[in-house]
Amino acid sequence: MAAAISTLSILLMVWTIKAVDGAGIGISYGRAASNLPPPVQVAQFLAHSTTFDCVKLFDADPATVQAFANTDLAVDVTVPNDLVANLTDLRFAHRWVRTNIVPRVDDTNIARILVGNEVISTANRSLVSSLVPAMQNLHTVLTRLSLQHRIKVASPQSVGVLSTSNPPSTGKFREGRVAEVMRPLLSFLRATGSPFMVNAYPFFGFAVDTLDYALFRPNPGVEDQNTGLVYSNMLDGQLDAVFSAMKRLGFDDVDIVISETGWPSVGEPWELSVNVDNARDFNKNLVQHVSSGTGTPLMPNRTFEAYIFSLFDENLKPGPLSQRNFGLFHPELLPIYDIGVLRTEVGGQGTAPVQTLSPTPSDSKRWCIPKPNTDVLLLQQNVEYVCGQGIDCTPIQSGGVCSFPDTVPAHAAFLMNEYYQAFGRNAFDCDFGRTGMITAIDPSYGSCVYSS
């Protein structure tokens, strides 16, 4: 028993340090889709096959939270907007924590409880006025359970809470919201050591002539005439506008976390610059930038904790086509495009990030991959069939260049393509009992190069 208590104490100490440290690349795991793999499979994939440090959930679904047990990933759970007002009742807050948090504290690294999403930007004044009291009650309950140092309470907001954001030095919160909630919210965050979390999307702010600026590509830069500082990308401008607004109220010591950002890979014909290349460039450059330690012009020499939206495309979301296509991975856990977050084994000693190859459309090259939502048992049959036809299957075996992600769909994709390329590249060579499809998008990733 003493050894078990000691081990648990060490885990709690490590998790607390990670939760407070504030740097890392996370992924938003939304589940508004009809074709997603089980949460347990997703959690194991994220923990063992990617370099993500943390994951943001949009609810506190027990099965999903439990899936991340013993993975060491930092998990942010969310109280949906329709429950925020209920949390102003301390008894309800206590029951919510007892039901959704306490059962998992011994085995799951729950780092934050997020209260609502973009609450201050809603037109619901009752909801807005409930936000800070709800957060205070959750913190009170966590304190009574001695969890306040390990689990923080925060609330993601939109950059729409700003009335002015350009140039960044003029950033200012909207007057009505400042009076009603911003000052008490920031006071709570400062007092509890929690960050101000902001959903910052250059995708929603760019124009044709600022596309490179939005995508972190080389560009002339934009000068803030008030400070003389030059901005090389739009995200830095958005973050510094938020920082300026916080500083204006005297809260420039509160940390800022990017709770959502991303770029869709598919959109309506009228949606500008929505394609795989731009989505890949934005997210890949984002990871490099926020991890580089460069910081922003007003917040130099620092890294940012940032959550990419999102893990999967979500086919049940409303709105234009782009809203359903922000995902990095197919349901089969194959990359839609690669941004360098997949791991590969190195010398048999654990895993490490790899350099990536960009998937690009081609008129002359074709690849064979499994159809979406194909039954795993059928794909395993494909693997066994291909290996029995003299195709080299060592790349998917332990230590092989395509062994990660260690899933049947990923292995089947590589081998089905090897068969297709070796036996003539005819349409029927990619049939596999109607489980295969031909694509012009190169599915290669990292050191796993698909033949063409």
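Here we summarise the structure given alongside this text. Just so we're clear, the structure is a prediction, and the values are computed from it rather than from any experiment. (Residues numbered from 1 in each chain as written. Predicted model: local features only at pLDDT ≥ 70, side-chain atom pairs only at ≥ 80, totals over all residues. Heavy atoms only, no water.)

Attention now goes to the pattern of salt bridges. Scanning the model with the defined rule gives 15 salt bridges in all. Its salt-bridge partner being Asp-253, residue Arg-190 comes within 2.9 Å of it at the nearest N-O pair. Here Arg-190 is found in helix α7 (residues 175–192), whereas its partner Asp-253 is found in the loop between α9 (234–248) and β12 (256–261), with 63 residues between them in sequence. Put simply, Arg-217 and Asp-212 hold a salt bridge, and the shortest N to O gap is 3.6 Å. Look at Arg-217 and you get partly exposed, because its relative accessible area is 21%. Under the relative-accessibility criterion, Asp-212 is labelled partly exposed at 34%. (Salt bridge = Lys/Arg side-chain N within 4 Å of Asp/Glu carboxyl O. Helix = DSSP H or I, 4+ residues; strand = E, 2+ residues; numbered from the N terminus. Buried < 20%, exposed > 50% of the residue type's maximum accessible area, 1.4 Å probe, protein only.)

Now for the packing of helix α5 (residues 90–100) against helix α6 (residues 125–144). Put simply, α5 and α6 touch, their axes get as near as 9 Å, and they point 55° apart. Taken together, α5 and α6 sit at an angle that is classed as oblique. The interaxial crossing formed by α5 with α6 has right-handed handedness. In this structure, α5 contributes Leu-90, Ala-93, His-94, Trp-96 and Val-97 to the contact, and α6 contributes Asn-137, Leu-138, Thr-140, Val-141, Leu-142 and Arg-144. Looking at the contact of α5 with α6 residue by residue, the classes come out as 7 nonpolar, 3 polar and 1 charged. (Axes fitted to C-alpha atoms, helices over the stretch in contact; angles between N-to-C directions. Parallel < 35°, antiparallel > 145°, perpendicular 65-115°, else oblique. Left-handed = near helix turned anticlockwise from the far one by under 90°. Contact = heavy atoms within 4.5 Å. Nonpolar A, V, L, I, M, F, W, Y, C, P; charged D, E, K, R; others polar.)

Strand order across the open sheet formed by 9 strands is β5-β4-β3-β2-β1-β13-β12-β9-β6, with parallel pairing between neighbours. Across the chains shown, the open sheet's two edge strands, defined by having one partner strand only, are β5 (152–154) and β6 (157–158). The sheet contact formed by β12 and strand β13 (residues 306–309) spans 2 bridges and is parallel. Within β13, the residue paired with Thr-261 across the bridge is Ile-308. (Pairing = 2+ DSSP bridges.)

As a further point, take the environment of Gln-421. Residue position: Gln-421 is located in helix α12 (residues 408–422). Ignoring sequence-local partners within four residues, the contact set of Gln-421 consists of Arg-366, Trp-367, Ser-451 and Ser-452.

Counted under the stated rule, the structure contains 3 disulfides. Across the disulfide, Cys-368 is cross-linked to Cys-430 (sulfur-sulfur distance 2.0 Å). With the S-S bond torsion at 85°, the cross-link from Cys-368 to Cys-430 turns out right-handed. With Cys-368 in strand β16 (residues 367–370) and Cys-430 in the loop between α12 and β17 (436–439), this residue pair connects regions lying 62 residues apart in the sequence. Assigned by exposure class, Cys-368 and Cys-430 land together as buried. (Disulfide = S-S within 2.5 Å.)

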